[in-house]
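# Chain and residue survey
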Amino acid sequence: MNEEIASIEPFAEWIHIDVMDGHFVPNLTIGAPVLKDLKTNLFKDAHLMVSNPEDLIEDFAKAGADAITIHAEIDGDVPTILKKIRELGCQAGISIKPKTEVSTIKELLPLVDLVLVMSVEPGFGGQEFMESSLPKIRELREQNPDLEIAIDGGINAETAKRAVEAGASVLVAGSYIFRSDDREIAIQNLRNSS
Ligand code: ZN
């Protein structure tokens, strides 16, 4: 992983780490110990696609996460978890899945530094971009001119352009960058969409 990160370190601004627990989403990925061993000076956003983020945020903060993003759809006490993330010295993020409306997170916005709009169903890489994410970004941007709004899923040079037009300020891309022949050019293509 560190070799892969080194290949994009000079060009990217953030490392976005998808954490899956095999419960909130079917897949299982990495946890805080792996994040701790990542060698990078980039901003690290841990996207916790897990059912019980309250049990994990302290470990991720200690492991060096700069931002911790949790999901609005969990059963836990989301406002309390978001406050705790900030108390741990991290930026707090809230993410919504494709079927979750923006209205469900309105009251959480004062507690967060970023909103992550999922443009695919979370759990697997390489899925096709869902258009339904764009009106959500537009709605968030119209009401929150200064909010950091990230989009995650199916991002490539073409979908990035539409996401930025809708108001996205952070583009999360996995397959488009890591499966391209030239990662520097792939990242440049995304940057040129703004
Ligand atoms: Zn993600």
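No experiment lies behind these values; they were computed from the predicted model shown.

Here is what the cut-offs are and how they apply
Residues numbered from 1 in each chain as written. Predicted model: local features only at pLDDT ≥ 70, side-chain atom pairs only at ≥ 80, totals over all residues. Heavy atoms only, no water. Buried < 20%, exposed > 50% of the residue type's maximum accessible area, 1.4 Å probe, protein only. Helix = DSSP H or I, 4+ residues; strand = E, 2+ residues; numbered from the N terminus. Pairing = 2+ DSSP bridges. Arc of directions from axis to C-beta. Contact = heavy atoms within 4.5 Å. Polar contact = N/O pair within 3.5 Å; in protein donor to acceptor, adjacent residues only side chain to side chain. Donors = N, O, S within 2.8 Å, 3.2 Å for Na, K, Ca; no water. Phe/Tyr/Trp six-rings, centres within 6.5 Å; stacked < 30°, edge-to-face > 60°. Lys NZ or Arg CZ within 6 Å of the ring centre and 35° of its normal. Axes fitted to C-alpha atoms, helices over the stretch in contact; angles between N-to-C directions. Right-handed = clockwise from strand over helix to strand, strands pointing away. Lys, Arg positive; Asp, Glu negative; His and termini not counted. Salt bridge = Lys/Arg side-chain N within 4 Å of Asp/Glu carboxyl O.

## A few points about the pairing of strand β1 (residues 14–20)
The buried fraction of β1 is high, at five of seven residues. As judged from the seven bridges shared by β1 and strand β2 (residues 43–49), these two strands associate in the parallel manner. Bridged to aspartate 18 within β2 is histidine 47.

## Brief notes about the environment of serine 175
Assignment of secondary structure puts serine 175 in helix α7 (residues 175–178). Accessibility expressed as a relative area gives 26% for serine 175, which makes it partly exposed. Sequence separation between serine 175 and alanine 157 is 18 residues, and the spatial gap between their C-alpha atoms is 12 Å.

## What to know about helix α6 (residues 157–166)
By the burial criterion, the buried members of α6 are Thr159, Ala160, Ala163 and Ala166. Viewed end-on, α6 has its buried residues packed into an arc of 125 degrees, placing them on one side of the element. Tucked inside the fold, the buried residues of α6 contact α5 (133–143), β6 (148–152), β7 (170–172) and α8 (183–191). Here α6 starts with a cap whose side-chain oxygen sits 2.9 Å from the backbone nitrogen of glutamate 158, and that cap is asparagine 156. Note on α6: the residue one or two positions beyond its end, glycine 167, has a positive phi of about 125 degrees.

## As for the coordination of the zinc ion
The coordination sphere of the zinc ion, as far as protein atoms go, consists of His16 (NE2), Asp18 (OD), His47 (ND1) and Asp152 (OD), spread over 2.0 to 2.2 Å. Read N to C, the donor residues that coordinate the zinc ion are spaced as H-x1-D-x28-H-x104-D. Of the two residues, aspartate 18 is situated in strand β1 and histidine 47 in strand β2; the sequence distance between them amounts to 29 residues.

## Brief notes about the packing of aromatic side chains
Overall, the coordinates contain one aromatic pair when judged by the stated rule. Above the ring of phenylalanine 24, the side-chain terminus of lysine 97 is found at 4.9 Å from the ring centroid.

## Considerations on the sheet that holds β7
Spatial strand order, β1-β2-β3-β4-β5-β6-β7: seven strands in an open sheet with parallel pairing. Whereas interior strands pair on both sides, the edge strands pair on one side only; in this sheet they are β1 and β7. Adjacent strand axes in the sheet meet at a mean angle of 25 degrees when their direction is disregarded.

## Concerning the pairing of β2
Of all seven residues making up β2, six are buried, and the element is well covered by its neighbours. Two strands pair when backbone bridges link them, and β2 and strand β3 (residues 67–71) are joined in this way by three bridges, in the parallel orientation. Looking at the pairing, histidine 47 lines up with threonine 69 of β3. Considered for its hand, the β-α-β crossover made up of β2, helix α3 (residues 57–62) and β3 is right-handed.

## Brief notes about the side chain of lysine 136
Within the secondary structure layout, lysine 136 lies in helix α5. One buried charged residue, lysine 136, forms no salt bridge at all, with the nearest opposite charge on glutamate 101 at 6.1 Å. Side-chain polar atoms of lysine 136 contact the backbone oxygen of lysine 97, separated by 3.1 Å. In contact with lysine 136, other than residues within four places in its own chain, are Ile96, Lys97, Pro98, Lys99, Thr100, Val102 and Val117.

## Comments concerning the pattern of salt bridges
When their charged atoms lie close together, side chains carrying opposite charge are able to pair. For the structure shown, the criterion picks out eight salt bridges. With its nearest N and O atoms 3.7 Å apart, the salt bridge here joins lysine 99 to glutamate 121. Taken together, the residues lysine 99 in the loop between β4 (91–96) and β5 (114–118) and glutamate 121 in the loop between β5 and α5 connect sequence positions 22 residues apart. Using a relative accessible area of 27% as the deciding quantity, one classes glutamate 121 as partly exposed.

Keep in mind that these numbers describe shape and distance, not what the molecule does.
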